[in-house]
Amino acid sequence: AWELVQSRPDLALCDLHMPGRSGLEALSALKALDARRPAVLMTSRPTEALVDEVRAGRIDSLLPKPFSRQSLLRTLAAAVQTAYDDGDFVRRWR
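Overview of the structure. (Residues numbered from 1 in each chain as written. Predicted model: local features only at pLDDT ≥ 70, side-chain atom pairs only at ≥ 80, totals over all residues. Heavy atoms only, no water.)

Quick word on unusual backbone geometry
Moving on, step 1. In this model, Lys65 is joined to Pro66 through a cis peptide bond whose omega is -5°.
Moving on, step 2. Within the secondary structure, Pro66 is located in the loop between β3 (61-64) and α4 (69-84).
Moving on, step 3. The backbone phi angle of Arg58 is positive, close to 60°, even though this residue is not glycine.
Moving on, step 4. Relative to the helices and strands, Arg58 is located in the loop between α3 (48-56) and β3. (Helix = DSSP H or I, 4+ residues; strand = E, 2+ residues; numbered from the N terminus.)

Things to note about the pattern of salt bridges
Moving on, step 1. Applying the stated criterion to the full structure yields 5 salt bridges.
Moving on, step 2. The salt bridge partner of Asp10 is Arg37, with a shortest N-O separation of 3.7 Å. Pair noted here: Asp10 is in the loop between α1 (2-7) and β1 (12-15) and Arg37 is in the loop between α2 (23-33) and β2 (39-43), with a separation of 27 residues, a long-range link.
Moving on, step 3. Here the salt bridges do not stand alone but share partners, grouping Asp10, Asp34 and Arg37 into one network. (Salt bridge = Lys/Arg side-chain N within 4 Å of Asp/Glu carboxyl O.)

Concerning the nonpolar core
Moving on, step 1. Counting 11 residues, the largest nonpolar core consists of Ala12, Cys14, Leu16, Leu24, Leu27, Leu30, Ala39, Leu41, Leu50, Val54 and Ile59.
Moving on, step 2. Among the elements of the structure, β1, α2, β2 and α3 are those that each provide at least two residues to this core.
Moving on, step 3. Take this core: its biggest share by element is 3 residues, from α2.
Moving on, step 4. The contacts of Val54, once residues within four sequence positions are left out, are Leu24, Leu41, Ile59 and Leu62. (Core = buried A, V, L, I, M, F, W, Y, C linked by side-chain atoms within 4.5 Å. Buried < 20%, exposed > 50% of the residue type's maximum accessible area, 1.4 Å probe, protein only. Contact = heavy atoms within 4.5 Å.)

Side note on the pairing of β3
One face of the sheet, then the other: side chains in a regular strand alternate in exactly this way.
Moving on, step 1. Direction of pairing for β2 relative to β3: parallel, over a ladder of 4 bridges. Considered in β3, the bridge of Val40 is made with Ser61.
Moving on, step 2. Between β2 and its parallel partner β3, the chain crosses via α3, and the hand of that crossover is right-handed. (Pairing = 2+ DSSP bridges. Right-handed = clockwise from strand over helix to strand, strands pointing away.)

Quick notes on the sheet that holds β3
Moving on, step 1. One open sheet holds the 3 strands; their spatial order is β1-β2-β3, and the pairing between them is parallel. Two strands bound the open sheet, and with one partner strand each, they are β1 and β3. This sheet shows a mean twist of 25° between the axes of neighbouring strands, independent of strand direction.
Moving on, step 2. Relative to β2, β1 is paired through 4 bridges, and the arrangement is parallel. Along β2, the bridge assignment pairs Ala12 with Ala39.
Moving on, step 3. Against the sheet, α4 makes contact with β1, β2 and β3, and its axis sits at roughly 175° relative to β3, the strand it touches most. (Axes fitted to C-alpha atoms, helices over the stretch in contact; angles between N-to-C directions.)

The following block contains the structure:
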């Protein structure tokens, strides 16, 4: 997970449960370095407490599993549009 933060990807999608650091920790660290970088956390067990932690970490979206391909693409497109104001990307994936 730390490698993710160091590589500074254009978009990050992490599962809550990962080896080492949690996806929440990794994405929060990434957002601390670059608040504009799109970040999406996925989990099979969303809770109100987790929603609060996602907001506190400034993570763009919480994606509940299981999800459809369309739901995944819409979530990622919305994160990209918010971060980069990239309407062309969003139109291609909606």
